[in-house]
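# Coordinate analysis (summary)
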Amino acid sequence: MAKAAAPATERPSLTLRRHYPVAPEKVWRAWTDPQALKAWFGPEEIVSVPLAEVDLRVGGRFRVAMRAADGETHDVSGTYLELVPNRKLVFSWAWRSTPERESRVTVRIEPDGNGCELVLLHEQFFDEAARDGHSHGWTGAMGKLGKWLAGQQQGA
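Residues numbered from 1 in each chain as written. Predicted model: local features only at pLDDT ≥ 70, side-chain atom pairs only at ≥ 80, totals over all residues. Heavy atoms only, no water.

### Quick look at the overall build of the protein
The test is simple: By definition, any uninterrupted DSSP run of H or I lasting at least four residues is a helix, any uninterrupted run of E lasting at least two residues is a strand, and each is numbered from the N terminus. The globule rule used here is 2.2 Å times the number of residues to the 0.38 power, and the radius of gyration it is set against is calculated over C-alpha atoms. The rule is simple: take the accessible area with a 1.4 Å probe, protein chains only, and divide by the maximum for that residue type; under 20% is buried, over 50% is exposed, in between is partly exposed. Residue contacts follow a heavy-atom distance rule, with two residues in contact if any of their heavy atoms lie within 4.5 Å. Under the convention used here, a 1.4 Å probe and the Shrake-Rupley method define accessible areas, while residue burial counts only the protein chains that appear.
When its secondary structure is counted, the protein shows three helices and seven strands. Helices and strands in the protein line up, N terminus first, as β-α-α-β-β-β-β-β-β-α. Taking 2.2 N^0.38 as the reference for a compact globule, 156 residues should give roughly 15 Å; the C-alpha atoms of the protein span a radius of gyration of 16 Å, in line with that estimate. In terms of overall dimensions, the protein has a C-alpha envelope of 70 × 40 × 25 Å along the principal axes. By residue count, 39% of the 156 residues in the protein fall in the buried class. Long-range pairs, those at least 24 residues apart, make up 48% of the contacts in the protein with a sequence separation of at least 6. For the protein, the exposed area adds up to about 8,500 Å²; of that, 51% sits on carbon and sulfur atoms.

This is the structure:
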């Protein structure tokens, strides 16, 4: 007699929302253009992004290397799983230091009357400590994204 599979344990996730007073296409570009990623990606303690590679297609890969103020480099990469231009990106996420701890990120860009809302869902974390660290990182990154988008608006 076959045994019923044990229910999968729920793994930690996080959801963040931010409103940006720009067109969805500008937010999409920020996530999909390597030069744009170099300008804003990473938490506040990241001082530079020396490498950003994007192969924007389902099955394509991305890689971002971030340098912290202490000189340490943090290298993350993944595979694009779903792309809906100007609306949705879904990709796997794994740090070079812990490739076995793969998680998944969904970025939704939802137009509204005066810009758009970005909804970031990062799920399937290894544990709550990983979720909490990423919450800090994504919160800082979304703030940096807002500043970068504002600068792009002024330069337009």
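Alright, that's what it looks like, and here's the rest.
### A few points about unusual backbone geometry
You will see that Asn86, though not glycine, has its phi angle at about 65 degrees, which is positive. Residue Asn86 is classed as partly exposed on the basis of its relative accessible area, which comes to 21%. With a phi angle near 70 degrees, Gln124 is a residue other than glycine that sits in the positive phi range. Along the polypeptide, Gln124 turns up in the loop between strand S7 (115-123) and helix H3 (128-155). Overall, the relative accessible area of 34% leaves Gln124 in the partly exposed class.

### Structural notes on the sheet that holds S7
Just so we agree on the cut-off: Between any two strands, at least two bridges found by DSSP are needed for them to pair. Only the contacting stretch of a helix is used when fitting its axis, a line to C-alpha atoms as for every element, and angles between N-to-C directions run 0 to 180 degrees.
If you trace the seven strands from one edge of the open sheet to the other, you get S1-S7-S6-S5-S4-S3-S2, paired in antiparallel fashion. Only two strands of the sheet have a single neighbouring strand rather than two, namely strand S1 (14-20) and strand S2 (46-54). Adjacent strand axes in the sheet meet at a mean angle of 20 degrees when their direction is disregarded. Where strand S5 (residues 88-95) and strand S6 (residues 103-112) come together, six bridges link them in antiparallel fashion. Each bridged residue has a counterpart across the sheet, and for Val90 the counterpart in S6 is Thr106.

### Digging into the packing of aromatic side chains
Ring pairs (aromatic) are described by centroid distance and by the angle formed between their planes. Our working definition: Between 30 and 60 degrees the pair is tilted, below 30 it is stacked and above 60 it is edge-to-face, where a pair is any two Phe, Tyr or Trp rings, Trp via its six-membered ring, whose centres lie within 6.5 Å. Distance and angle both matter: a charge sits over a ring if NZ of Lys or CZ of Arg is within 6 Å of the ring centre and within 35 degrees of the ring normal.
All chains considered together, the criterion is met by 14 aromatic pairs. Ring centres of Phe62 and Trp93 lie 6.3 Å apart, and the angle between their planes is 35 degrees; on these two criteria the pair is classed as tilted. Of this pair, Phe62 sits in strand S3 (residues 61-68) while Trp93 is found in strand S5, placing the two residues 31 residues apart along the sequence. For the pair shown, Phe62 and Trp93 are each scored as buried. Ring geometry for Trp93 and Trp138: centres 5.1 Å apart, planes at 45 degrees, overall tilted. Within this pair, whereas Trp93 is found in strand S5, its partner Trp138 is found in helix H3, the two being separated by 45 residues in sequence. By way of ring pairs, the aromatic residues Trp31, Trp40, Phe41, Phe62, Tyr80, Phe91, Trp93, Trp95 and Trp138 are connected into one cluster. The side chain of Arg101 reaches across the aromatic face of Phe126, ending 3.7 Å from its centre.

Functional significance is not addressed by these values, which are geometric in nature.
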